[in-house]
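So you can see what is in the structure, the chains are spelled out below.
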Amino acid sequence: MSVDILFLNLTRFGDLLQSQALLEDCRRAGLRAGLVCLDNFAAALPLLRSLPEAWPLPGAEFLRRLDGKGPGRSWHDAPALLLDFVARVRQEAAPRHVVNLTATLPARLLASLLAPTPEEVTGFALDREGFGFCRGNWAAYLCGTTLKRCNAPFNMQDMFRMAARPAVQRLGNDPAAGEAMRGGRLLPPSDEATAQAEALLAGAPEGCRGFVGLQLGASHPARQWPQEAFARTGDGLWQAARLCPVLLGTPAEKPLARAYAQHARGPFLDAVGATSLPVLAGLVARLRLLVTNDTGTMHLAAGLGIPSLAIFLATAQAWDTGPYLEGCCCLEPALPCHPCGFKHVCAHDGGCRRHISPRTVLRLALGWLESGRWDSGVDPALRQEARVWLTTRDAGGFADLVCLSGHEHEDRSLWLRLQRRFWQPFLDGMDGAPAAAAPSDLPDDFPAAVKASETARSLLPALREAEHFLAALPDQCRLAAAGHPRMGQLLLRACDHIQRLLENRDELASLSYFWHEARQARGDELDALAGLARSFSQHLAGLNALLSS
């Protein structure tokens, strides 16, 4: 059973579900797709649409053998298991191409082992010397967005799609198939899973008019809304709408359910640790609404068409990891320090976890339940607590956010919006096309607000200097190619200076990383480096024009 493209997604449950839309891109392009994922998420594979075959990687067993706890109690059994897995996948899948969506070194190594040749890997790859690099402009950008917050204005599912697009367009029947930004809906849960979910819901109290899911946990305690707040919200939904709260989570999150029970005054159903992934899908499919932290359950609900009221705390932000479904509501604490950096030590004792009150969440949920509109629950007091975002789509079909709470002119919001207008034409136009004009769908007051922002004032000096040095690089490349004395050394210094200009500002982290990756890939081809410099310079000129007063 050969496949055209084999995708590697070896991260979390939510990231696996976010592979859905690009699988549909493959189907529309007439391509047969396969998937390698971690075996602990294999139970979710029947939910993925347009996936004829998948190969779960036995990661836990590999680690056990690596620790000397496998069949022969020797670490030598671990590479044997991996090589047997690779041999089986190569035989059964026989992929024409591999798209690796996981940036870790082990995933890059696995991609190189599964691909027919090293050149047939898109995304996160290894070069012939074993060093990691990104093959594809969007893959390099995706990697750079993880360095600092406020550098990721695109939804993760869209970034996955764009990283895979070169392979889809090259191998597919329809060159435009990868441009079709739609999809992302999962298959419904099986009849068996639905029946098991119904059995769990049969314990609902008398007078129940439906169910609201409460996903209590998150990937890190700093991202968890307090259990007392969840309990007050659940009680309010029961009292006002007779919606019975259903607690969701893994076995490791049972302490959170016990904490909820200590604070709750109304009825609830506790399904924490009581469901497989298919049964979890069956429960989620029966919900009127999911109130959740930034979790895989949120992405499951989005794929099943169930709206979420999602709370993004600490390092989480709605722009890149929000639900891939129109009509969801995303809350972020209205604090200047949010979102914090990945390695940041909070100086406020996790204050963002307590900044959004149960009153705010309950008001939004009840307003939506009564009117179908999230903005009906927004009031002045709420605006002091939370940035409220509505998930939507832009003119190109990319997932987007609309602010409902008046925070769209904050510096952070303006900078994220501006980056969306900068990166898409830049990455798509890396063939040297001139900078695209500012799109006409920008609000009339957007340019003036950007120019008046503190971000614009602080970034302009570095960006203007970078533009100046980039504009001079093509001539330096020409002189270096002609053998001009010392020009090679001066060219290297200029490239390093541009790097330092960009990396000194957190807001430019993705641009800095992309410049580093792109110039490294062209370091031994002076004509290609000159073309890269021209493209960078042209697009920075457009960005600087938007920032300039």
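A. Representation of the overall build of the protein chain in the model. Counting secondary structure elements, the protein chain contains 22 helices and 14 strands. Considering only C-alpha atoms, the protein chain reaches an extent of 85 × 65 × 45 Å along its principal axes. Burial status across the protein chain gives 56% buried among its 549 residues. Residue pairs at least 24 apart in sequence account for 66% of intrachain contacts in the protein chain once pairs closer than 6 positions are excluded. If you sum the accessible surface of the protein chain, you get close to 22,800 Å²; carbon and sulfur atoms cover 53% of it. Taking the average place of the 55 positive charges on the side chains of the protein chain and the average place of its 57 negative ones, the gap between the two points comes to 2 Å.

B. Focus on the confidence of the model for the protein chain. For the protein chain, mean pLDDT is 92; residues scoring 70 or higher make up 96% of the total. Here residues 431–438 scores under 50 on pLDDT; set against residues more than four positions off or in separate chains, the count is eight contacts.

C. Focus on the nonpolar core. Phe7, Leu300 and Leu511 are the most contacted members of the largest nonpolar core, which has 104 residues in total. Here phenylalanine 7 is in contact with Leu22, Leu23, Cys26, Ala33, Gly34, Leu35, Val36, Val99, Leu101 and Ala164, once residues within four sequence places are set aside. If you look at the next biggest cluster of nonpolar residues, it comprises 39 residues, including Leu214, Ala257, Tyr260 and Leu382.

D. The pattern of salt bridges, seen in detail. A full pass over the atoms with the stated rule returns 28 salt bridges. Between arginine 12 and aspartate 15 there is a salt bridge, and its shortest N-O distance comes to 3.8 Å. The salt bridge partner of aspartate 375 is arginine 373, with a shortest N-O separation of 2.5 Å. What makes arginine 373 partly exposed here is its relative accessible area of 49%. In this structure, a network of salt bridges that share partners links the residues Asp25, Arg28, Asp158 and Arg161.

So, how was this worked out
Along each chain, residue indices are assigned from 1 in the same order as the chain's sequence is written. With the structure being a predicted model, the display of local features is reserved for residues of pLDDT at least 70 and the display and counting of side-chain atom pairs for 80 or more, all residues being used for whole-chain, interface and lining totals. As a rule here, side-chain values cover all heavy atoms of the structure and leave hydrogens and water aside. What counts as a helix is a DSSP run of H or I of at least four residues, what counts as a strand is a run of E of at least two, and both are numbered from the N terminus. The cut-offs for exposure are 20% and 50% of the maximum accessible area for each residue type, with area from a 1.4 Å probe on protein chains only; residues under the lower value are buried, those over the upper are exposed, and the others partly exposed. Whether two residues touch is decided by their heavy atoms; if any such pair falls within 4.5 Å, the residues are in contact. Note that accessible areas follow from Shrake-Rupley with a 1.4 Å probe, and for residues the cover is restricted to the protein chains shown. As used throughout, the charge tally considers Lys and Arg to be positive and Asp and Glu to be negative, leaving His and the chain termini uncounted. Positions of charges follow a simple convention, taking NZ of Lys, CZ of Arg, CG of Asp or CD of Glu. Per-residue confidence from the predictor is given as pLDDT, running between 0 and 100. In this description, a nonpolar core means a group of buried Ala, Val, Leu, Ile, Met, Phe, Trp, Tyr and Cys residues linked to one another through side-chain atoms lying within 4.5 Å. Salt-bridge detection follows one rule: a side-chain nitrogen of Lys or Arg within 4 Å of a carboxyl oxygen of Asp or Glu.

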